[in-house]
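# Structural features, examined
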Amino acid sequence: MRILITGGAGFIGSHLAERLLSGGHEATVLDNLSTGSLENLAHLRRSRKLHVAVDSIFHERVLAKLVDRNDAVAHLAAAVGVKLVVEHPVRTIETNIHGTEIVLRHAARRKRPVLFTSSSEVYGKSAQAPFSEDDDCVLGAPTAGRWAYATSKLIDECLALSYWREQRLPVVIVRLFNTSGPRQSGRYGMVLPRFIEQALRGGPLTVYGSGRQTRSFAHVDDVAGALVRLLEEKRAWGRIFNLGNDEEITINALAREVRRRVNPRAAVRHIPYAVAYGDGFEDMRRRVPDLARIRRLIGYRPRHNVEDIIDSILEHLKPKRRSQEPEARREFRIQNNSARTPYSGS
Ligand code: UDP
C-alpha cells in the first residue's frame, strides 16, 4: 500500500513511516515541520519508498495531489503537547479542527481510507479506570485552557464518524494514550523525555502537582506496529480503538524509576500546576486504557514496559549518532511546495 502520513516528520509519524517501509509499504510524509523535524526521518533517507513533502495540510492543492497518489491516509498532523496547547490555544483549535476537516474532505473525494489519531485526552477527567471506547467523555469548562485540545479532537472524531455514516468513507479512529520512546521531544511538555533530560543534566526532575496522578506509558514501537495493522484491517473501519499500554504508574514512581536508571543523584522537585501551566489548569488523576477491543481485533499486546522506554530514550540521547537538522535537510530530496510551484510528485 501507498500511505500518506500527515505529520509524518513528528515523533509518532516518523516511527509509523519506518514501520510501513519495513513492512514493504510506501510512505509519503506531509509535514510543515512546525513541531516535526527532518532529523526524525534522517535514518530512512536512503529508502526509495519514502517521499517527503515539506508543506502544510492547509495547502489544499498539494494535499489533493498527495491524496490522489496514495491508497490511504494516516492523519497525524495536529497540535501536540500540553505545554503548546496551553500556550497557543487558537493555533491548537484551528490546526486540529480545520486541518482534519480538509483531510477528510479530500479523502472522501477519492474514497481513501483515513486512520485518524485521536487522543486519550478525550476521556477528560472521568474518574473511571480503565477507559473503554464507549465511555462518556467528561470534559471541563472551556475557561480551563487544557480542554481546547480534547474538544477539538472530539469534534474531529465526530466528523470522521459522520463521513463514515453518511458517505461510507472508511475511517479508523485511534485514541493514543501516553506514547513515548526515542526521538520524542520534551519541548512541548511530554514528561518522560523531560525527566530523562533533567536527570542527565544532574536534576532536579520537576514533578507537577502531588505526583500521585497516574499515566500508562506505551513504547512507540508497540504503537507504530499496531497502527500499521489497523491500516491493513478493513474490520477496523467505522470504529474507535484505544491504543497504548495498560500498566499504570504514578508520576512520583516514574520520577523514581528515571532517577534509578539514569542518575540516582538527581533530586526531585514538586512544582504546583499553576506555576507550570498557569492558573486554572486541570490535570486528570488517572489514565489507563482498556485494550480489550484492539486485542480482540488484531491481537495487540504491548511488548515494552516503562523500563524499556527509559532505556531506549537514553540510548537515543547518546550524542554521537545525532545528525544536525540542516544536514538532514540537505540530504533529502524535498518536495518543496509553494503556491507557485505545485507538488510534482516523485
Ligand atoms: N508532568 C510532570 N513534569 C513535567 C511534565 C509533565 O510532572 O515536567 C506530569 C503532568 O502534569 C502529567 C504527567 O506528567 O500529570 C504526564 O504529562 P504529559 O504532558 O507527558 O502528558 P499528559 O498530561 O497529556 O498525559
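Everything numeric here is computed off the predicted structure, so don't read it as measured data.

### A closer look at the overall build of the protein
Helix and strand counts for the protein stand at 12 helices and 14 strands. Taken against the 2.2 N^0.38 rule, which gives 20 Å for 346 residues, the C-alpha radius of gyration of the protein at 19 Å falls within 12% of a compact globule. Overall, the protein is about 55 × 45 × 40 Å in size when its C-alpha atoms are taken along their principal axes. When the 346 residues of the protein are sorted by exposure, 56% land in the buried category. For the protein, the accessible area works out to roughly 15,300 Å², and carbon and sulfur atoms hold 48% of it. Taken together, the 54 basic and 39 acidic charged side chains of the protein have centroids lying 3 Å from each other.

### Let's talk about the site of the ligand
Near the ligand, the surroundings consist of 18 residues, among which Thr206, Tyr208, Arg215, Asp283 and Arg287 are the closest. In this structure, Asn178 approaches the ligand through a side-chain N or O atom, which is 2.8 Å from an oxygen atom. Backbone polar atom of Val191 to an oxygen atom of the ligand: 2.8 Å apart, as the coordinates give it. Against a free-state accessible area of 520 Å², the protein chains account for coverage of 94% of the ligand. Put simply, the parts of the chain that give the shell around the ligand at least two residues each are α6 (191–200) and β8 (205–208). A class-by-class count of the residues in the shell around the ligand yields 8 nonpolar, 4 polar and 6 charged.

### Thoughts on the pattern of salt bridges
One pass over the structure, following the stated rule, counts 19 salt bridges. When the shortest N-O distance is used, the salt bridge between Arg287 and Glu121 registers 2.8 Å. Of this pair, Arg287 sits in the loop between α9 (273–277) and α10 (292–298) while Glu121 sits in the loop between β5 (114–119) and α5 (147–167), and the two are 166 residues apart along the sequence. A residue is classified by how much of its surface remains accessible, and Arg287, at 5% relative accessible area, is buried.

### Some words on the pairing of strand β1 (residues 2–6)
Burial analysis of β1 places 4 of its 5 residues in the buried class, the great majority of the element. Two strands pair when backbone bridges link them, and β1 and strand β2 (residues 26–31) are joined in this way by 5 bridges, in the parallel orientation. Its bridge partner lying in β2, Ile3 is registered against Ala27. In the classification by handedness, the crossover that spans β1, the intervening helix α1 (residues 11–22) and the parallel β2 is right-handed. Where β1 lies against strand β4 (residues 72–75), 4 bridges are found, and the strand directions are parallel. Note that in β4 the partner of Ile3 across the bridge is Ala72.

### Considering the side chain of Asp283
Position of Asp283 among the secondary structure elements: in the loop between α9 and α10. A polar side-chain atom of Asp283 sits 2.6 Å from a polar atom in the side chain of Arg215. Within the structure, Asp283 has its side chain in polar contact with the side chain of Tyr273 (distance 2.6 Å).

### As for the confidence of the model for the protein
On average, residues of the protein score 92 in pLDDT, and 92% of them reach the 70 mark or higher. The low-confidence segment residues 337–346, where pLDDT is below 50, has 27 contacts with residues more than four positions distant or belonging to other chains.

### Let's talk about helix α4 (residues 89–110)
Spanning 22 residues, α4 covers 32 Å between terminal C-alpha atoms, matching the ideal 32 Å at 1.5 Å per step. Every buried residue of α4 is listed here: Thr92, Thr95, Asn96, Gly99, Thr100, Ile102, Val103, Leu104, His106, Ala107 and Ala108. At the C-terminal side of α4, Lys111 shows a positive phi close to 50°.

Thresholds applied
Residues numbered from 1 in each chain as written. Predicted model: local features only at pLDDT ≥ 70, side-chain atom pairs only at ≥ 80, totals over all residues. Heavy atoms only, no water. Helix = DSSP H or I, 4+ residues; strand = E, 2+ residues; numbered from the N terminus. Rg over C-alpha atoms; globule rule 2.2 N^0.38 Å. Buried < 20%, exposed > 50% of the residue type's maximum accessible area, 1.4 Å probe, protein only. Areas by Shrake-Rupley, 256 points an atom, 1.4 Å probe, with all protein chains shown as cover. Lys, Arg positive; Asp, Glu negative; His and termini not counted. Charge placed at Lys NZ, Arg CZ, Asp CG, Glu CD. Near = heavy atom within 4 Å. Polar contact = N/O pair within 3.5 Å; in protein donor to acceptor, adjacent residues only side chain to side chain. Nonpolar A, V, L, I, M, F, W, Y, C, P; charged D, E, K, R; others polar. Salt bridge = Lys/Arg side-chain N within 4 Å of Asp/Glu carboxyl O. Pairing = 2+ DSSP bridges. Right-handed = clockwise from strand over helix to strand, strands pointing away. pLDDT = per-residue confidence, 0-100. Contact = heavy atoms within 4.5 Å. Expected span 1.5 Å × (residues − 1).

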